[in-house]
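Chains, contacts and geometry: an overview
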Amino acid sequence: MQIKLAKTAGFCFGVDRAVNLVYGLIDKGERVSTLGPIIHNRQLVEDLEAKGVYSIGSPSECKDGYKIVVRTHGVEKSVIEDIESRGLSYIDATCPFVKKIHKIVSSQPENTVTLIAGDKNHPEVLGIRSFCTGESFVFKNLEELEEILKNNKNFEKNRLICVSQTTFSLKEWKKCEKFLKKVCTNCEIFDTICNATSDRQAEALALSRECDAMIIIGGRHSSNTCKLRDVCSENAKAFLIETASELSEIDFSGFNVVGITAGASTPSVIIKEVLKTMSEEIKEKEVEAAEQAAETAETADKADTAAVEASADGETFAEMLEQSFSKNDTSKIVKGIVVNITPSEVFVDVPGRKQTGVIAYDDLSAEPFDKCEDIVSIGDELDLMILKTDDQDGVLKLSKKLTDAYRGWDDIVAAFENEEILEAPVVAVVRGGVLCTVKGTRVFIPASLTGVPKNQELDILKGTTVRFKIIDVNKQRRRAVGSIRVVVNEERKAAREKAWETLEEGMKFNGTVKSLTNYGAFVDIGGIDGMIHISELSWTRIKSPSEVVKVGDQVEVYIKALDRENQKVSLGFKKVEDNPWEILKRDYPVGTKLTAKVAGVTSFGAFATVIPGIEGLIHISQISWERIKTPADVLSVGDEVEVVITDIDFDKKRVSLSMKELLEKPEETIEALADEAAEAPAEETPAEEAPAQEAPAEEAAE
């Protein structure tokens, strides 16, 4: 299978600009909240949440000390006015192409009628409508545009303009534009589809014509991603996925060429993960084919050599057996009666033959056994293949194993056709896989289909009994290929379906961590994989799930949420008793004195860590009894200060701290000094400090 990646897949300019802006603020230590999801990509939004960025629905929800970032789609004009009226700090990350549309519609004369091509419920369209100077109408296709014009005959009396959502379908826009030019000569049309969007759709359309299937990577709520899916589905089977994990649900067996493109809000890391997963799958299948070919060639050579030894005229083993059973050719297939059994050989009497028949231990059975008595008993009548007749000791060398293999072949073919699950021991580890013996026939299972991880040796399977299905047979050479993994996958699927019938929110499990991503950990809870989001791994902020768990860990989890439609399980991991707010309530009541480390300094105060996971605010008025201009004049990040808890609001998760409450008030200090002077014992006043006596009257007169 060939993979073709679209050149324009991934972030567009506007999305890249907004995402880099948010991550840049985080790196600077800023507290950030986005007005709505910054982009329509769940994985990136979850990563930002893990880094402390939270999404708000309105400016009133913004917490103190946080800076608002306006999303790429833009917001309604009234929202910006609300932000500014509240005096909140914000950065407008609206895509420049969207801002251009705002400028176009807001600069029109009053009462201009604006037609907007797009989704009327999309945030971008809602924002555009808020900047219109007059009436506005939204249409998503030509049919809706025709209906609008049909029901509003007075458009000819007004100034009329038409713009489009930046991610609108290029094909649909061309149809609408052509219609407008034909029926509305007074309409000024602005082509505001983003260049990146039009280029992406055009390339996806061309690529889909070259491919059997198309993979579109992006959020299911992303407008431009859904448009790409619609464009591609015209020429090829189109699959919309959000992450590489969804590839396992797609059967690629019927496709020779698969194209990949991605929406404008899809991070490059997700695209790379999809490419890597698909490439590994292709490589794995190529290795499987090579392993099977090598094994077939190797076993065929051995079989042909044995056939030459057994037949003077060079007939193949299959031909000899076929002739022997159908024509009773006693020169090659004979019946023998067991007359004696030793640890290394079985002796048989062959009617009509003067020579003694001997079956060597290795030729007795393909099934594993310890003693010859486990396979045959004295008096048993056996169908045997003559291996050699010219032995100088005057014996017939015979094989029961070969005749068993021939007779068991039909059962192998039937198991393949009926998709039957077989059980058999692993008898050998060979180059590229393992061999199982079932019904006298050896079945080759490639390493990649054993279920053994690539970093482990196949020897762990030797001697064990495994369950597998026959996935390929070569009837001409009587070769069979099996797969353990297909049985495991089917059983896991059945277990998942059964488990989904009983799963309920709140159920607790002991699970095993299977894999880690930058946004969480996937845990096997018994045939079903659930995800612990990074925010659920710890009550304190962490950068990576690996700080808490690692692959293979046994963890106690509970079901936090179930998405039965998409069969996704969200798991909880944090324990209530470890909640820092519960610890605070129990051990740190109001009035508690403690040493806190300054975590951040703002214009109105400083945030200090009370306990891990909780920061309290030391308002500027609570830093010192003396007036200070800014907290930065007194405090720096990293300083350890003595504080007292003055208030706790558990509903709003806020803690108020004070430094000055632990300091003496200036007035109290003066009063204390005065009291000390009054209580001190009287002392003689020095002569030079004695009060002057009243001067005589004569001196006063002088």
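Up top you'll find the structure we're talking about.
Let us look at the structure shown here. (Residues numbered from 1 in each chain as written. Predicted model: local features only at pLDDT ≥ 70, side-chain atom pairs only at ≥ 80, totals over all residues. Heavy atoms only, no water.)

Before going further, it helps to examine the overall build of the chain. Counting secondary structure elements, the chain contains 17 helices and 32 strands. The buried share among the 702 residues of the chain stands at 44%. Long-range contacts, defined here as pairs at least 24 residues apart, represent 63% of the contacts in the chain between residues at least 6 apart. For the chain, the accessible area works out to roughly 38,200 Å², and carbon and sulfur atoms hold 48% of it. (Helix = DSSP H or I, 4+ residues; strand = E, 2+ residues; numbered from the N terminus. Buried < 20%, exposed > 50% of the residue type's maximum accessible area, 1.4 Å probe, protein only. Contact = heavy atoms within 4.5 Å. Areas by Shrake-Rupley, 256 points an atom, 1.4 Å probe, with all protein chains shown as cover.)

Spatial ordering of the closed barrel is given by 13-14-15-17-16, a layout of five strands whose pairing is mixed. This sheet shows a mean twist of 55° between the axes of neighbouring strands, independent of strand direction. Looking at chain direction, strand 13 (residues 333–341) and strand 16 (residues 381–388) are connected through five bridges and run antiparallel. Bridging from a neighbouring strand, isoleucine 333 pairs with methionine 385 of strand 16. Lying on the sheet, helix 12 (residues 400–417) is in contact with strand 13, strand 15 (356–360), strand 16 and strand 17 (395–399); it crosses strand 16 at an angle near 110°. (Pairing = 2+ DSSP bridges. Axes fitted to C-alpha atoms, helices over the stretch in contact; angles between N-to-C directions.)

Moving on, we get to the state of the cysteines. This model, assessed by the stated rule, comprises zero disulfides. In this structure cysteine 184 is a free cysteine whose sulfur lies 5.8 Å from that of cysteine 187, the closest cysteine sulfur available. Given the relative accessible area of 11%, cysteine 184 is considered buried. (Disulfide = S-S within 2.5 Å.)

As a further point, take the packing of helix 1 (residues 13–27) against helix 2 (residues 42–50). Interhelical geometry of helix 1 versus helix 2 gives an angle of 15° and a closest axis separation of 11 Å. As judged from the angle between their axes, helix 1 and helix 2 are roughly parallel. As helix 1 packs across helix 2, the resulting crossing turns out to be left-handed. The segment helix 1 lies against helix 2, with Val19, Val22, Tyr23 and Ile26 engaging Leu44, Asp47 and Leu48. A class-by-class count of the residues in the contact of helix 1 with helix 2 yields six nonpolar, no polar and one charged. (Parallel < 35°, antiparallel > 145°, perpendicular 65-115°, else oblique. Left-handed = near helix turned anticlockwise from the far one by under 90°. Nonpolar A, V, L, I, M, F, W, Y, C, P; charged D, E, K, R; others polar.)

We now examine the packing of aromatic side chains. Scanning all chains against the criterion turns up three aromatic pairs. Considering the side-chain rings of tryptophan 581 and phenylalanine 650, the 6.1 Å spacing of their centres and the 75° angle between planes classify their relative orientation as edge-to-face. Taken together, the residues tryptophan 581 in helix 15 (residues 580–587) and phenylalanine 650 in the loop between strand 31 (640–649) and strand 32 (654–658) connect sequence positions 69 residues apart. Taking the centre distance of 6.4 Å and the plane angle of 85° together, the rings of phenylalanine 604 and phenylalanine 607 count as edge-to-face. With a relative accessible area of 27%, phenylalanine 604 lands in the partly exposed category. Sitting over the ring of phenylalanine 607, arginine 31 keeps its end group 4.2 Å from the ring centre. Its end group placed over the ring of tryptophan 581, lysine 653 keeps NZ or CZ at 5.8 Å from the ring centre. (Phe/Tyr/Trp six-rings, centres within 6.5 Å; stacked < 30°, edge-to-face > 60°. Lys NZ or Arg CZ within 6 Å of the ring centre and 35° of its normal.)

Quick look at unusual backbone geometry now. Located in the positive-phi region is glutamate 419, a residue other than glycine, with phi close to 55°. Among the structural elements, glutamate 419 can be located in the loop between helix 12 and strand 18 (421–430). The backbone of lysine 653 sits at a positive phi, close to 55°, despite the residue not being glycine. Within the secondary structure layout, lysine 653 lies in the loop between strand 31 and strand 32. What makes lysine 653 partly exposed here is its relative accessible area of 46%.

Our focus in this paragraph is the sheet that holds strand 25 (residues 529–533). If you walk around this closed barrel you meet the five strands as 23-24-25-27-26, and the pairing is mixed. Between one strand axis and the next, the sheet turns through 55° on average, direction left out of account. Summarising the sheet, strand 24 (residues 520–524) and strand 25 pair through five bridges and their orientation is antiparallel. Its bridge partner being in strand 25, aspartate 524 is matched across the sheet by aspartate 529.

As a further point, take the pattern of salt bridges. A side chain with one charge can pair with a side chain of the opposite charge if their charged atoms come near. By the definition in use, this model includes 21 salt bridges. Two residues, lysine 181 and glutamate 177, come together in a salt bridge whose shortest N-O distance is 3.8 Å. Taken as a pair, lysine 181 and glutamate 177 lie in helix 7 (residues 170–183) at a separation of four residues, close to a single helical turn. Lysine 181 gets classed as exposed once you look at its relative accessible area, which sits at 55%. (Salt bridge = Lys/Arg side-chain N within 4 Å of Asp/Glu carboxyl O.)

What follows concerns the side chain of glutamate 242. For glutamate 242, the location among the structural elements is in the loop between strand 11 (237–241) and strand 12 (257–262). Within the local environment of glutamate 242, its side chain forms a polar contact with the backbone nitrogen of arginine 220, the two atoms lying 3.2 Å apart. For glutamate 242, the contacting residues outside a window of four places in its chain are Arg42, Gln43, Ile217, Gly218, Gly219, Arg220 and Ile270. (Polar contact = N/O pair within 3.5 Å; in protein donor to acceptor, adjacent residues only side chain to side chain.)

A word on empty space enclosed by the protein. The full count for this structure, using the stated rule, is two cavities of 30 Å³ or more. Together, 21 residues line the largest cavity, and Val15, His73, Thr166, Thr167 and Asn224 are the ones closest to its centre. Sorting the residues of the lining of the second largest cavity by element identifies helix 2 and strand 3 (54–56) as the ones contributing at least two each. Tallied by class, the residues present in the lining of the second largest cavity amount to six nonpolar, two polar and one charged. (1 Å grid on protein atoms, 1.4 Å probe; cavity = no way out; pocket = protein on both sides within 12 Å on 5 of 7 lines; lining within 4 Å. Points joined across faces, edges and corners; volume = space filled by probe spheres on them.)

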